[in-house]
Amino acid sequence: MLSSYQEKLLQINRSMQDLAATILAAERECFEGFKASDMARLDSAREKLKGCGARANAIDNEVIKTLALYGPEATELREMVGYLKMTNELVNTCSTIRSYIKNNRALIAGEFDLGKLRVSLQTLHQSALNAVESMVKMIDISQSEEELKALYRSIKVEESKGDDLYSIVQKDLSDILYHTDIDPLDFMTVLKLARKLERISDHAVSVARLLLFIKTGGELESN
């Protein structure tokens, strides 16, 4: 039978999983909206993200109350510290997705033709989505250390792919700017769109590092 403290830890972890699952659902909706140039799907994704900040604050409050009530020892304290840092990273992920939605809506509204950029942007989007999916799976820290490390490696792969794809988008955009009469505002909007997708994978890596810290201890890696 679990102690009251262990039950509280499970409750906090479930709340974290629920928040991350909401982010994943929004990211999936964004991907479908991008592929179909569908503003309604983007608006649906934005709606899903409403209240994420308040939910993260509620988790933080539960962590602080748990610290005050139970005075956990080193291992449990590590988990609490990890969760406090993680909620901040999840809120940052929500903010990045919202910015992505804003930029994507602007391109759709302006009927901007992505042309050959669409393929690399869609691949970049898929990579970001893959990273978030693995991040959500990682939050269930009841898994073995090896399982968590395997998920972490998969997220790192997607982050690396995202960096490469962002460079490709930058190069293709520069070629388009040089050879065609593209509106500089559209140029910047596409660049920001790609940058936000790359950042989503970065956030997933940051969360994954925190989860490994919770599970295994040691030094907390920085980006």
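Along each chain, numbering runs from 1 in the same order as the chain's sequence is written. Side-chain atom pairs in this predicted model are given and counted only at pLDDT of 80 or more, local residue features only at pLDDT of at least 70, and totals for whole chains, interfaces and linings cover all residues. Neither water nor hydrogens contribute to the side-chain values; these are computed over all heavy atoms in the structure.

## With respect to the pattern of salt bridges
- By salt bridge we mean one thing: a side-chain nitrogen of Lys or Arg within 4 Å of a carboxyl oxygen of Asp or Glu. Scanning the model with the defined rule gives 14 salt bridges in all.
- Between Lys-8 and Glu-62 there is a salt bridge whose closest N-O contact spans 3.1 Å. Here the residue Lys-8 occupies a position in helix α1 (residues 4-36), and Glu-62 occupies one in helix α3 (residues 52-70), the gap between them amounting to 54 residues.
- A salt bridge links Arg-199 to Asp-202; the nearest nitrogen and oxygen atoms lie 3.2 Å apart. One end of the pair, Arg-199, and the other, Asp-202, are both in helix α7 (residues 184-216), three residues apart, so they sit about a helical turn from each other.
- Judged by relative accessible area, Arg-199 falls into the partly exposed class, the value being 27%.
- One salt-bridge network, held together by shared partners, links Lys-8, Glu-62 and Lys-65. A run of DSSP states H or I qualifies as a helix once it reaches four residues; a run of E qualifies as a strand once it reaches two. Both are numbered from the N-terminal end. Burial status follows relative accessibility: with a 1.4 Å probe on protein chains alone, a residue under 20% of its type maximum counts as buried, one over 50% as exposed, and anything between as partly exposed.

## Re the environment of Asp-202
- By relative accessible area, which is 13% here, Asp-202 ends up buried.
- A sequence separation of 11 residues divides Asp-202 from Phe-213, and the C-alpha atoms of the two residues are 17 Å apart.
- By the convention used here, residues are in contact when the closest approach between their heavy atoms is within 4.5 Å. If we skip the residues at most four places from it in the chain, Asp-202 touches Glu-159 and Arg-195.

## Details of the confidence of the model for the chain
- With 95% of its residues at a pLDDT of 70 or more, the chain has an overall mean of 91.
- pLDDT is a residue-level measure of predictor confidence that goes from 0 to 100. The secondary-structure element of the chain with the lowest mean pLDDT is helix α4 (residues 74-109), recorded at 91, while helix α2 (residues 39-48) shows the highest, at 97.

## Digging into unusual backbone geometry
- The backbone phi angle of Ser-37 is positive, close to 50 degrees, even though this residue is not glycine.
- Residue classification places Ser-37 among the partly exposed positions, given a relative accessible area of 36%.
- Unlike most non-glycine residues, Glu-111 shows phi in positive territory, near 50 degrees.
- The exposure class of Glu-111 is exposed, given its relative accessible area of 71%.

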